[in-house]
Amino acid sequence: MSDASSIHPVDERLPTGRLATLGIQHVLVMYGGAVAVPLIVGRALQLSPQDVAFLISADLFVCGIVTIIQSLGFGRHVGIRLPVMMGVTFASVGPMVSMANAVPGTEGARMIFGAIIGAGFIALLLAPVMGRLLRFFPPIVTGTIILVIGVSLMRVGINWIFGNPFGPTAPKLVDPAHSEWLAQMKTLAETGGPAVPDGLALAPSVPNPIYAEPGHIALSALVLVSILLIARFGRGLISNIAVLCGVIIGCLAASILGMMHFDRVSDAGWFAVVTPLHFGMPIFDPVLIATMTLVMIVVMIESTGMFLALGEITGRQVSQQQLTAGLRVDGIGTMIGGLFNTFPYTSFSQNVGLVGVTGVKSRHVCVAGGIIMIVLGLIPKMGALVEAVPTFVLGGAGLVMFGMVAATGVRILSTVDFKSSRNNLFIVAVSVGFGLIPLLAPNYLMWMPHAIHPIIESGIVLASIAAVVLNAFFNGVRFEQASAIDAARLADSH
């Protein structure tokens, strides 16, 4: 019989009851972030509520599968074998929303999933050579990219509160009287009257009563204040799941006020298998794959720092072979995600922080968390319930979640030496400026070749390219493992 003292804490098998309890903790900590991405992308694609709910279920299901692969490991070459929870990365949201806006509906979904599968395959091939690419992504680059990711996502959170700038919640609507007049003119043209010019469209001019509705703003404020109070006065796990608690409070208030409806939740079943290729065969566009590959490189750089930091927290040194095995799962998980109608995966930094807080280092806790996620993904009512949450309730939480991503970028940049190297200021300033171009001037690319639009219409991609190039120009290329670990320790919000 083996001596229990010889078992490393990472490999310790805890009693089933404790495993389940700690696994639920990890799921609760990551749940808000895990379901946010399918909500954002599904609604950007203008999918039906049922399809958005399916995306959420698929995301939870694949989260569980990839978490088990990463934490448990398969063979010597797949899985980091550390307590890691895998979830969809916010870094991929900007490019995917740009793709969704360009081609909405199921066709856009097929293009996104094709790009994800292709990028995942390339990431799998790149895993063994990532060590050579790390030198291009020091903290000044990763911090700038994460800052731009957060700033770009803030638009989503703000639109959740007030209403999307297009569609039924747009700030202004077309005057019904103007629409009636145009219809009359078209009828008159058909009977020999003056022709109506092709492409004539009416400009919206009437304020929309449901845009920035005071009741919606009040509920968003309630969610925001609840999160802040829980974060300030909560203890332990409650403090760690402040965002989730705030959303629950907002849902309860919305239900009492009749603003949240559960018809689709009651119609959804209690069990359904998550099927691959739900929207049809993926469309593999080389430019879209190149765009998502750049995102995957950034994701793998973050994962590298995360694994090194987790190795220090757990007291298990991460070898180059283990690092490569962990990065392979980023690629494999992303390919699985694309096949099962979901998105790119990476290690969730919030859960890395939870390992440090609880002191429980067993990877089997995250395996238990993965099993729980799979079960949740097989319950359609869970996806329908998340889809039923009003956007204005999510808005208050979005300000916190996406703002924390931006703040994480600032924290990482705080480790950069700006005093003795003023050129670092130029790197951040210009890269952030590039990242804001699509946000502030979305039509700037109207005269540029359409083939490169997927690359240049994402501020995150533009900022990434600018930061890498400017850092290489001013600072050259070198890699310091200590800096990567420090950056990873600070990256606890995305």
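By the naming in an unreviewed UniProt entry, the protein chain goes by Purine permease and is assigned to Shinella sedimenti. According to its UniProt record, the protein chain has this under Subcellular location (unreviewed entry): "Cell membrane".

Some thoughts on the overall build of the protein chain
The secondary structure content of the protein chain amounts to 21 helices and 4 strands. Its C-alpha atoms give the protein chain a radius of gyration of 24 Å, near enough to 23 Å, the size a compact globule of 494 residues would have. For the protein chain, the C-alpha atoms occupy an extent of roughly 95 × 55 × 45 Å along the three principal directions. Scored against the burial criterion, the 494 residues of the protein chain give a buried share of 53%. Residue pairs at least 24 apart in sequence account for 85% of intrachain contacts in the protein chain once pairs closer than 6 positions are excluded.

Details of the packing of helix α6 (residues 139-162) against helix α17 (residues 391-413)
The geometry of α6 relative to α17 is characterised by a closest axis approach of 7 Å and an angle of 165° between their N-to-C directions. Relative to α17, the element α6 lies roughly antiparallel. The crossing of α6 and α17 is left-handed. Looking at the contact of α6 with α17 residue by residue, the classes come out as 21 nonpolar, 12 polar and no charged.

Overview of the environment of G333
Within the fold, G333 resides in helix α13 (residues 320-339). Judged by its relative accessible area of 1%, G333 is buried. Filtering out sequence-adjacent residues up to four positions away, G333 remains in contact with V62, V66 and Y345.

Concerning the pattern of salt bridges
If you walk through the whole model with that rule in mind, you get 2 salt bridges. The closest approach of N and O atoms between E387 and R43, which form a salt bridge, is 3.9 Å. Placement of E387 in helix α16 (residues 380-388) and of R43 in helix α1 (residues 16-44) is noted, with a sequence separation of 344 residues between them. When its relative accessible area of 8% is taken as the criterion, E387 is described as buried. Judged by relative accessible area, R43 falls into the partly exposed class, the value being 27%.

Some points on the nonpolar core
Residues F90, I112 and F343 are the most contacted members of the largest nonpolar core, which totals 130 residues. The element contributing the most residues to this core is helix α2 (residues 49-72), with 13 residues. Ignoring sequence-local partners within four residues, the contact set of I112 consists of V41, L45, M96, M99 and A100.

Describing unusual backbone geometry
Here Q46, not a glycine, exhibits a phi torsion of approximately 60°, which is positive. Note that Q46 resides in the loop between α1 and α2. The exposure class of Q46 is exposed, given its relative accessible area of 62%. Non-glycine residue N341 carries a positive phi angle of around 65°. Looking at the element boundaries, N341 is found in the loop between α13 and β4 (345-347).

What about the environment of I122?
Tracing the sequence through the fold places I122 in helix α4 (residues 105-126). When its relative accessible area of 29% is taken as the criterion, I122 is described as partly exposed. Excluding its chain neighbours within four sequence positions, the residues that come into contact with I122 are I289 and T293.

A short note on the side chain of D59
Inspection of the secondary structure puts D59 in helix α2. Lacking a salt bridge, the buried D59 has R43 as its closest oppositely charged neighbour, with an N-O distance of 13 Å. Those residues in contact with D59 that sit more than four places away from it in its chain are A34, V35, P38, V88, T342 and Y345.

About the criteria used
- Residues numbered from 1 in each chain as written.
- Predicted model: local features only at pLDDT ≥ 70, side-chain atom pairs only at ≥ 80, totals over all residues.
- Heavy atoms only, no water.
- UniProt positions renumbered as here; feature names shortened; annotations may be inferred.
- Helix = DSSP H or I, 4+ residues; strand = E, 2+ residues; numbered from the N terminus.
- Rg over C-alpha atoms; globule rule 2.2 N^0.38 Å.
- Buried < 20%, exposed > 50% of the residue type's maximum accessible area, 1.4 Å probe, protein only.
- Contact = heavy atoms within 4.5 Å.
- Axes fitted to C-alpha atoms, helices over the stretch in contact; angles between N-to-C directions.
- Parallel < 35°, antiparallel > 145°, perpendicular 65-115°, else oblique.
- Left-handed = near helix turned anticlockwise from the far one by under 90°.
- Nonpolar A, V, L, I, M, F, W, Y, C, P; charged D, E, K, R; others polar.
- Salt bridge = Lys/Arg side-chain N within 4 Å of Asp/Glu carboxyl O.
- Core = buried A, V, L, I, M, F, W, Y, C linked by side-chain atoms within 4.5 Å.
- Lys, Arg positive; Asp, Glu negative; His and termini not counted.

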